[in-house]
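Chain residues, written in single-letter form:
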Amino acid sequence: MNIIPTIIEQHVEEASFNWFLRDNAVTEPDYNLVDLAYLDDRIEANIDGLRIAGEAGWDICLEAMDSGDPGEIFTAGVLAFESRIPKRMDSMLAAVEGDVALQRALCSALGWINFRQVATSVNKILEADLAFLKCIGLSVYAIHRQDIGAGLGIYISHANHKVRSRALKAAGELGRIDLLHKIRDRFSDKDEKCRFYAAWSAVLLGSNAGIDPLKRVLETQSVYEQSACEMAVRKMDNGEAVQWLNKLGRQSSTIRLAINGYGALGDPQAIPRLIEMMQTPELARPAGEAFSMITGVDITYMDLDADAPEDFHAGPTEDPEDEDVDMDPDEDLPWPDPELISAWWHNNKQSFQSGRRYLAGNVISSENCMHVLINGFQRQRMAGALELALLHPGRPLFEVRAPGYRQQRLLQPGGEIVE
């Protein structure tokens, strides 16, 4: 076979770049499952080109890894672990040691491959002494929603906090109600991440005991505060949740948490408050997203959007003296027009009942959650997966970041992936 190095290099570059796009797309507000599957098909086509190239494909992947980019780790990781060649697999594990971003990319590669192909390798990784390897093993089991068995309870009590936190998260993702007693023991863990995932998993598994620990996460400026807020309100009594969110909404430091919380709660009594918030540029787009999360209205499609305010700026500028380099967190959200949305709500509010919870325009139910998983945008799908798990404690959390074809097969009537 005539191998053309430039073509192989192009396959590596495109597979790596498209993985970078999908890594962002899985949490974007404007990607649905069809979009994700299309992007995944492009990645798979490039990886297939590298498979066909054989040893030459692997050699060029190995060279590309020198860049230290996660996308190249993903691409090389798929080839390495599909091959089951020990030297290749060991080189991947060595390449990601000490770098969390690269470890994520390798976990994504192992999640890309059918579990049966990697099960033996993942078991060896999980049994290794190094903590980062155990975390990779736990992550891959959780990504594939494969039960780890009795060992998961042991990892929840592991001496290393990174192993404990990953095991605690996996317990929730896998629906391990039998581990609730061990999970609750970690509410007071000395590590913040462990405390958060203990509370998060407890609530996901149906326990109200996790609500207060989740609320306490908001007492400090934590990277987990948004997830904690959204999970807490999903389990709280509606009236109590609204009062708590209203309190958060009166403080400038927590007002965005309140907005996202209103969307997660799904109670339409929050909509007048959200419309009011849309008049403040800094809050307009997240308030619009919360409105859409409750009502199911596509603001752009329904022509309820507006142009960005001329004097509004978010994200980094070209000014070299500007120390604010954070990206605009709402970049991909539409600008809502408060007047148009107010008029829409006036004409449609009779279809919604205060005190009930809605997702994407319908009262939360198993049927509606499945509809959202099939047809919704990624953030709506993430919400639908959580709600479905909360409705059925012990059911594994649907993985909305899995390869598109795999999700589509699972979501077919009677769908089941045979790996």
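Described below are features of the structure shown in this document. (Residues numbered from 1 in each chain as written. Predicted model: local features only at pLDDT ≥ 70, side-chain atom pairs only at ≥ 80, totals over all residues. Heavy atoms only, no water.)

When you go through the chain residue by residue, the secondary structure sums to 22 helices and two strands. In summary, the chain has a C-alpha radius of gyration of 22 Å against a globular reference of 22 Å for 419 residues, a match within 12%. Based on the C-alpha atoms only, the size of the chain along its principal axes is roughly 65 × 50 × 50 Å. Looking at the chain as a whole, 51% of its 419 residues are labelled buried. For the chain, long-range pairs separated by at least 24 residues make up 65% of all intrachain contacts whose partners lie at least 6 apart in sequence. (Helix = DSSP H or I, 4+ residues; strand = E, 2+ residues; numbered from the N terminus. Rg over C-alpha atoms; globule rule 2.2 N^0.38 Å. Buried < 20%, exposed > 50% of the residue type's maximum accessible area, 1.4 Å probe, protein only. Contact = heavy atoms within 4.5 Å.)

Attention now goes to the pattern of salt bridges. Scanning all chains against the criterion turns up 21 salt bridges. A salt bridge links aspartate 48 to arginine 51; its shortest N-O distance comes to 3.4 Å. In this pair, aspartate 48 and arginine 51 are both assigned in helix α2 (residues 33–53), three residues apart and thus about one turn of the helix distant. Each member of the salt-bridge network shares a partner with another, and the members are Glu44, Asp48, Arg51 and Glu82. (Salt bridge = Lys/Arg side-chain N within 4 Å of Asp/Glu carboxyl O.)

In this section: helix α4 (residues 70–83). Taking 1.5 Å of rise per residue, the 14 residues of α4 would be expected to cover 20 Å, and the 20 Å separating its terminal C-alpha atoms lies within 8% of that figure. Among the 14 residues that make up α4, eleven are buried, leaving the element largely enclosed by the rest of the structure. What α4 keeps buried is the set Gly71, Glu72, Ile73, Phe74, Thr75, Ala76, Gly77, Val78, Leu79, Ala80 and Phe81. Against the buried residues of α4 lie α1 (5–25), α2, α3 (55–64), α5 (86–96), α6 (100–112) and α7 (115–127). One or two positions beyond α4, positive phi appears at arginine 84, with a value near 60 degrees. (Expected span 1.5 Å × (residues − 1).)

Glancing now at the nonpolar core. Core analysis: the largest hydrophobic core is formed by 129 residues, its most contacted members being Phe81 and Ile136. Per-element tally for this core: the top contributor is helix α12 (residues 192–204), with nine residues. Dropping the residues within four chain positions of it, phenylalanine 81 is found in contact with Met89, Met92, Leu93, Leu106, Leu110, Ile113, Gln117, Val118, Ser121 and Ile125. (Core = buried A, V, L, I, M, F, W, Y, C linked by side-chain atoms within 4.5 Å.)

All right, on to the side chain of arginine 166 then. Looking at where arginine 166 falls in the secondary structure, it is placed in helix α10 (residues 161–173). Beyond its immediate stretch of four places on either side in the chain, arginine 166 contacts Cys135, Leu138, Ser139, Ala142 and Glu173.

Right, let's get into the side chain of asparagine 238. With respect to the helices, strands and loops of the structure, asparagine 238 is situated in helix α15 (residues 238–249). With a relative accessible area of 14%, asparagine 238 lands in the buried category. Look past the residues within four positions of asparagine 238 in its chain and what remains in contact with it is Leu265, Asp267, Gly355, Arg356 and Arg357.

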